[in-house]
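# Structure at a glance
Read off the chains here:
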Amino acid sequence: MNWKWLVVLPALAVAPTLTQPASAQAPGGDTQKLLQRIDELEQKMKIFERKRELDVEAARDATKTATSISEGTSGFAVRSADTNFVIKVRGYVQTDARFFPGDRNTGAVNDTFLLRRVRPIIEGTVYDTFDYRLMLDFGQNLASGSSAANQGQIQDAYVTAKLYPEFQIQVGKFKEPVGLERLQSGANLLFIERGFPTQLAPNRDVGIQVQGDLWNSRLSYQAGIFNGVADGGSGDADTADTDKDIAARLFAHPFKDSDSDALRGLGFGVSGTVGNHNTATRTYTTPGQQRFFSYTAGTASAGQHQRVSPQGYYYYGPFGVLGEYVISSQKVRNAAATRRLTHTAWQLATSYFLTLEDNSFKPIAPRANFTLGGPGWGAVELTARVGQLDVDNDAFPTFASTATSASEATSWGVGANWHLNRNVKLSLDYERTVFEGGTSAYLINGEHAILSRVQFSF
Amino acid sequence: MKFRHLLQSALTLLLAASTATAKDIKLLNVSYDPTRELYQEFNTAFAKHWQAKTGDKVTVQQSHGGSGKQARSVIDGLEADVVTLALAYDVDAIAQKGRLLPADWQKRLPQNSAPYTSTIVFLVRKGNPKGIKDWSDLVKPGIGIIPANPKTSGAARWAYLAAWGYALKQNNGDEARAKEFVAKFYKNVPVFDTGARGATTTFIQRGIGDVLVGWENEAFLALKEQAKGGYQLVVPSVSILAEPPVAVVDKVVKRRGTAAVAKGYLDYLYSDEGQEIAARNYYRPRSATVAAKFADKFPKLQLFTIDELFGGWQKATKTHFADGGTFDQIQRK
């Protein structure tokens, strides 16, 4: 703007001269020079302003083509200007404490602090269409002792081609689409440990899956072919047999677009697997992660394995309830016999946000984050559940011993979750488990478990 | 078997229905700065032509910007079905760096895939107060020249080479004298725009400089739109024959299933109607018939080609516009 004054002031100074009629006075030599000078100054001012204009345009263009970096509650993200390429660095750490009051006189050594999950996550998108995810876990087996026993594991390693919302292809290692609670992130559970049905559902496996959302996500489907894993197990390769598992799931939200708040949060479905296994069998544990059933040495799966799981949830305002039932039927074999065993498990878990956040299967955000000395309290959630795992009675005594295994475990528990913000969550649970069919002191007395967790995720 | 029969019947019906139904097709033409008006008119004519020929409805979207920047966008993923750029070099870059079309793309259409031509002329203020008649007048002290930046603009590269070519011809091919001349030329440039349309804005809307050096079609358009604005065209004694090329982006049209319509679009530029639209928008038509019809519209001047004086775009770019090339050397002085 100062340039304008440089032009205007000299112009005003000579104005009386310039306003004389041409006939009265033609511009003299000095006036001519002055006019020329004004023209030059005006040009300079225009050039200056245009350069500034171009600088602003260049800066705006640079912003459009610049890679953006963001850091927030969902981790660290780098995006290309056209958003076709994204890489996010995320992760979560869970530090747990497990205490089992009442079993001191049994000699059990199970009270411990532990790093339950230590999971860095790298995920993103390339060429807009391909999503990828790599999640490692350095918290596996830490309960067994020092970090020397730690075995870093690949939990997720897959790529998803998002061809259409209705049809996508996912390849790599990821969760088989079976258990409802299993499909919920480990950072987003109602209770510190998952319930009994997850023990019978497969965990992560390597394979290829097609998936999609139909009718505006009112129905979703997944169907895939995998190596096949034992109940609750994960795998990176199949070296035991050449057979593969087929896993599929259909899940509906029929009232997703309804005007009724009371109906929108209803979801239900069914999933299952079928395949042939010749692998080692797994043990079953309580919500306190203590073993209550194991097959006798030399017992392995030997033939067809089928699972079916009806499942559903319902969320309405701060209230939520989740239920699932799993039937796992497989042939097992040892030196003495071959037999088909059918185990079942179910659970019903409910929660309520005292701070009135909208409950959801997905992560929730507190209405007001907790601030020390401030008005925000975060989100406070009360939880309760009941569940059971029923082992086929035909397992005894050929494939399992009552001295170390129970034929049924029933548990109930209550808990509280305090979401200080989207990144920090504190949890405290009490679970009581009683057993049928076992003869050891632990199985007769049952289990009282107090579990707590401090979770940091980003 | 009954189910299979039903399925086959359904598929046959579906196929028949799909082939009998007219399609809505979208094309993206990624072009350079001053072709907005040309392609607005051409797209309407082509859509009409294509619908009459095939029954399909075509909507052509346009994207405009500095030619080099546009090529970069296509390489980076902008899904252009066709490119209509200012320089063959920019299409070469799409072929070489993006691998989106074959290296010999220029041979696929007549006249080196340039359906129309243009040249570089001057636009001066009314009455031509600085008495500019030819290139030699531009390097006099006190002349404000407005070209775009050769680093980013196709028009500016043509202008740079036109000035260089003039100096070569005046000095019996002496490159050093030509460099000296062009250095003086750019010394008189007060502000650089990134594209040809921006340079026009600088000269006309912002009132900066004494002479706009740029596309002939852009100068004519400015005269038409600023009829009372007080500008006049100055045609230099010699200039360069600019051949803006067009090409189908093979990989994109294959992926999008638009190969036939994209080819039809470019072919139509060579039709009588396409050539007339080009001429009406001040691009010199290739067709002799149409050129004769619009002969009085385009001034006659001596034109040289880039191949004659500079050995083609690859060589010219390496010598003059690459980092550390003569343009950078001139700018550093």
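Residues numbered from 1 in each chain as written. Chains lettered and ligands numbered in written order. Predicted model: local features only at pLDDT ≥ 70, side-chain atom pairs only at ≥ 80, totals over all residues.

### Overview of the overall build of chain A
Our working definition: Secondary structure elements are defined from DSSP: runs of H or I of at least 4 residues count as helices, runs of E of at least 2 residues count as strands, and each element is numbered from the N terminus. Buried, partly exposed and exposed are defined by the number of other C-beta atoms within 10 Å of a residue's own C-beta, namely 20 or more, between the two limits, and 12 or fewer respectively, with C-beta atoms placed from the backbone. Think of it this way: build a C-beta for each residue from its backbone, and any pair within 7 Å is a contact.
Helix and strand counts for chain A come out as five helices and 20 strands. Counting all 458 residues of chain A, 31% fall into the buried class. Taking contacts inside chain A between residues at least 6 apart in sequence as the whole, the part at least 24 apart equals 62%.

### Looking at the sheet that holds strand S3 (residues 82-84) of chain B
Residues and elements named next belong to chain B. Put simply, the rule is: Paired strands, as defined in this entry, are two strands with at least two bridges between them according to DSSP. Every axis in this analysis is a line fitted to C-alpha atoms, fitted for helices over the stretch in contact. Angles between the N-to-C directions lie between 0 and 180 degrees.
Taken in spatial order, the four strands line up as S2-S1-S3-S9 in an open sheet, and their pairing is mixed. Of all strands in the sheet, those bounded by a partner on one side alone are strand S2 (57-65) and strand S9 (246-248). Strand-to-strand twist across the sheet, computed as the mean angle between neighbouring axes with direction ignored, equals 20 degrees. Running over the sheet, helix H2 (residues 36-54) touches strand S1 (24-32) and S2 and is turned about 165 degrees from S2.

### Quick look at the confidence of the model for chain A
Quick note on the threshold: For every residue, the predictor states its confidence as a pLDDT score lying anywhere from 0 to 100.
Model confidence for chain A is summarised by a mean pLDDT of 88, while 91% of its residues fall at 70 or above. The low-confidence segment residues 1-24 of chain A, where pLDDT is below 50, has 16 contacts with residues more than four positions distant or belonging to other chains.

### Looking at unusual backbone geometry
A cis amide bond, omega -5 degrees, links A:Phe396 with the succeeding residue A:Pro397. Within the element layout of this structure, A:Pro397 appears in the loop between strand S17 (379-390) and strand S18 (408-419). Positive phi is not limited to glycine here, since B:Arg99 has a value of about 50 degrees. Overall, the presence of 12 C-beta atoms within 10 Å leaves B:Arg99 in the exposed class. Of note, B:Asn128 is a non-glycine position whose phi angle comes to about 45 degrees, a positive value. A tally of 16 C-beta atoms within 10 Å means that B:Asn128 is categorised as partly exposed.

### Describing the packing of helix H7 (residues 154-170) of chain B against helix H8 (residues 175-187) of chain B
All names here are of chain B. Keep this limit in mind: Throughout, the term roughly parallel applies to angles under 35 degrees, roughly antiparallel to angles over 145, roughly perpendicular to angles from 65 to 115, and oblique to all others. Should the near helix be turned anticlockwise from the far one by less than a right angle, the crossing is left-handed, and should it be turned clockwise, the crossing is right-handed. Throughout this entry, Asp, Glu, Lys and Arg are counted as charged residues, while Ala, Val, Leu, Ile, Met, Phe, Trp, Tyr, Cys and Pro are counted as nonpolar. The remaining residues, Gly among them, count as polar.
Orientation of H7 relative to H8, taken along the N-to-C sense of each, is 135 degrees, at an axis distance of 8 Å. Overall, the two elements H7 and H8 adopt an arrangement that is oblique. Seen from above, H7 lies across H8 with right-handed handedness. Residues Tyr 160, Ala 163, Trp 164, Ala 167 and Leu 168 of H7 touch H8, and the partners they reach there are Arg 177, Ala 178, Phe 181, Val 182 and Phe 185. Residues of the contact of H7 with H8, tallied by class, amount to nine nonpolar, no polar and one charged.

### Some remarks on the pairing of strand S14 (residues 300-316) of chain A
Two faces belong to every sheet, and in a regular strand the side chains alternate between them. All names here are of chain A. As paired strands, strand S11 (residues 266-277) and S14 are joined by 12 bridges and run antiparallel to one another. Paired with Gly 272 across the two strands is Val 308, which belongs to S14. Here S14 runs beside strand S15 (residues 319-333); their pairing, made up of 12 bridges, is antiparallel. Bridging from a neighbouring strand, Gln 311 pairs with Glu 324 of S15. Linking S14 back to S15 in an antiparallel pair, the connection comprises two residues, with Gly 317 at a positive phi of about 60 degrees.

### Side note on the nonpolar core
Spelled out, the test is: Only buried residues count toward a nonpolar core: Ala, Val, Leu, Ile, Met, Phe, Trp, Tyr and Cys, linked into one set through C-beta atoms within 7 Å. Domain delimitation in this document rests on an assignment produced automatically or drawn from a domain database.
In terms of nonpolar packing, the biggest core is built from 94 residues, with B:Val82, B:Val83, B:Ala163, B:Val211 and B:Val249 touching the most fellow members. A domain split of this core shows at least three residues from each of domain 1 (22-114 + 243-297) and domain 2 (117-242 + 301-332) of chain B. Once residues within four sequence positions are removed from consideration, B:Ala163 is found in contact with B:Trp135, B:Phe181, B:Val182 and B:Phe185. Judged by nonpolar contacts, the second largest core, of 27 residues, contains A:Phe226, A:Leu341, A:Ala345 and A:Ala395.

### Considering the confidence of the model for chain B
Per-residue confidence for chain B gives a mean pLDDT of 89; residues scoring 70 or more make up 92%. On the interface metric, ipTM, the complex scores 0.70, and its pTM is 0.62.

### Observations regarding the packing of helix H4 (residues 88-96) of chain B against helix H16 (residues 313-321) of chain B
Residue and element names in this part refer to chain B. Contact geometry of H4 with H16 gives a least axis separation of 9 Å together with a crossing angle of 95 degrees. Between H4 and H16, the crossing angle belongs to the class labelled roughly perpendicular. Contacts between H4 and H16 involve Ala 88, Tyr 89 and Asp 92 from the former and Trp 313, Gln 314 and Thr 317 from the latter. Taken together, the residues of the contact of H4 with H16 sort by class into three nonpolar, two polar and one charged.

### Examining the pairing of strand S16 (residues 338-353) of chain A
All names here are of chain A. Pairing analysis gives 15 bridges linking S15 to S16, with the strands arranged antiparallel. Along S16, the bridge assignment pairs Val 321 with Thr 350. Remark: four residues form the turn of the hairpin made by S15 and S16, two consecutive strands paired antiparallel. In this sheet, S17 lies alongside S16 in antiparallel orientation, the contact comprising 10 bridges. Residue Tyr 352 lies in a different strand from S17, and its bridge partner there is Leu 382.

### Quick notes on H16(B)
Residues and elements named next belong to chain B. Convention followed: The directions from the helix axis to the C-beta atoms form the arc being described.
Within H16 the residues assigned to the buried category are Trp 313, Ala 316, His 320 and Phe 321. One side of H16 holds all its buried residues, which, seen down the axis, span an arc of 70 degrees. Facing away from the buried side of H16 by over 90 degrees, the exposed positions are Lys 315 and Lys 318. Where H16 is buried, its residues touch H4, H7, helix H15 (306-310) and helix H17 (326-332).

### Topic: the environment of A:Leu134
Residue and element names in this part refer to chain A. With respect to the helices and strands, Leu 134 occurs in strand S5 (residues 130-137). Distance in space between the C-alpha atoms of Leu 134 and Lys 173 is 9.2 Å, their sequence separation being 39 residues. Among all residues touching Leu 134, those that are not within four sequence positions of it are Ile 122, Asp 156 and Ala 157.

### Quick notes on the environment of A:Ile47
By secondary structure assignment, the location of A:Ile47 is in helix H2 (residues 29-65). Residues contacting A:Ile47, with those up to four places away along its chain left out, are B:Pro190, B:Val191 and B:Ile208.

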